[in-house]
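The lines below spell out each chain.
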Amino acid sequence: AQSVTQLDSQVPVFEEAPVELRCNYSSSVSVYLFWYVQYPNQGLQLLLKYLSGSTLVKGINGFEAEFNKSQTSFHLRKPSVHISDTAEYFCAVSPSYNQGGKLIFGQGTELSVKP
Amino acid sequence: GAVVSQHPSWVICKSGTSVKIECRSLDFQATTMFWYRQFPKQSLMLMATSNEGSKATYEQGVEKDKFLINHASLTLSTLTVTSAHPEDSSFYICSALGGQGTDTQYFGPGTRLTVL
């Protein structure tokens, strides 16, 4: 079984500051890793994903994440945030052996960007 | 590409009535779709996996007779909440696997159900 822990439920940050949203996972098998963003009253939008290859993954809106197998982490970063980045962010994993398998979500991190 | 739509975006109904929510993949075929439920300030809870042409697989604790899922085509899955009650009020989100062989779920915009 897999589990995902997002270490911060809320992250307040000032505009143009860097931000890191932390995600750790637990799994006995190889996994695929995802970050999704959810704006109020909307569905989820894929930010980026790690399936294989380079451990540094770049996504949309200037976000990037690094897969660290030894630390079982997949932290999301952005060097300079904007007000429009205010949203809920979800980290998710799925077992790589089960192509298109279920996603296991973390609890979410609310990013609040203040002017 | 990989756009998923849901209809309606919100619905208000009386207790005891049934409500149907549609999930469509607009620019790709999806043999597998997923239905989630999300309570305020919480994460997504997987309700069921919908496979085209076969019965849906429900997660433990989800009543299959209450939440009817039909995946009749490669671009459409429906969720019907039967005999809805106020505790069924929630945000329902569907997702679809983007194309053959992909491992990425693409999400719809969600449907806000309020049962009075």
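Residues numbered from 1 in each chain as written. Chains lettered and ligands numbered in written order. Predicted model: local features only at pLDDT ≥ 70, side-chain atom pairs only at ≥ 80, totals over all residues. Heavy atoms only, no water.

Here's the deal with the state of the cysteines
What counts, and what does not: Two cysteine sulfur atoms form a disulfide, by the criterion used here, when they sit within 2.5 Å. Secondary structure elements follow DSSP: runs of H or I no shorter than four residues count as helices, runs of E no shorter than two count as strands, and numbering proceeds from the N terminus. Classification of residues uses two cut-offs on accessible area relative to the type maximum, computed with a 1.4 Å probe and protein chains only: under 20% is buried, over 50% is exposed, and between them is partly exposed.
Under the definition given, this model contains two disulfides over all chains. One disulfide bridge connects A:Cys23 with A:Cys91, the sulfur atoms lying 2.0 Å from each other. One disulfide, between A:Cys23 and A:Cys91, carries an S-S torsion of -65° and so falls in the left-handed class. Residue A:Cys23 is found in strand β4 (residues 23-26), and its partner A:Cys91 is found in strand β10 (residues 87-95); the two are separated by 68 residues along the sequence. Since its relative accessible area comes to 0%, A:Cys23 is described here as buried. Exposure remark for A:Cys91: the relative accessible area of 0% places this residue in the buried category. Disulfide pairing is shown between B:Cys23 and B:Cys94; the S-S distance is 2.0 Å. Judged by the sign of its S-S torsion, about 80°, the cystine formed by B:Cys23 and B:Cys94 is right-handed. With B:Cys23 in strand β3 (residues 19-25) and B:Cys94 in strand β9 (residues 90-97), this pair connects stretches of sequence that are 71 residues apart. Each member of the pair, B:Cys23 as well as B:Cys94, is classed as buried.

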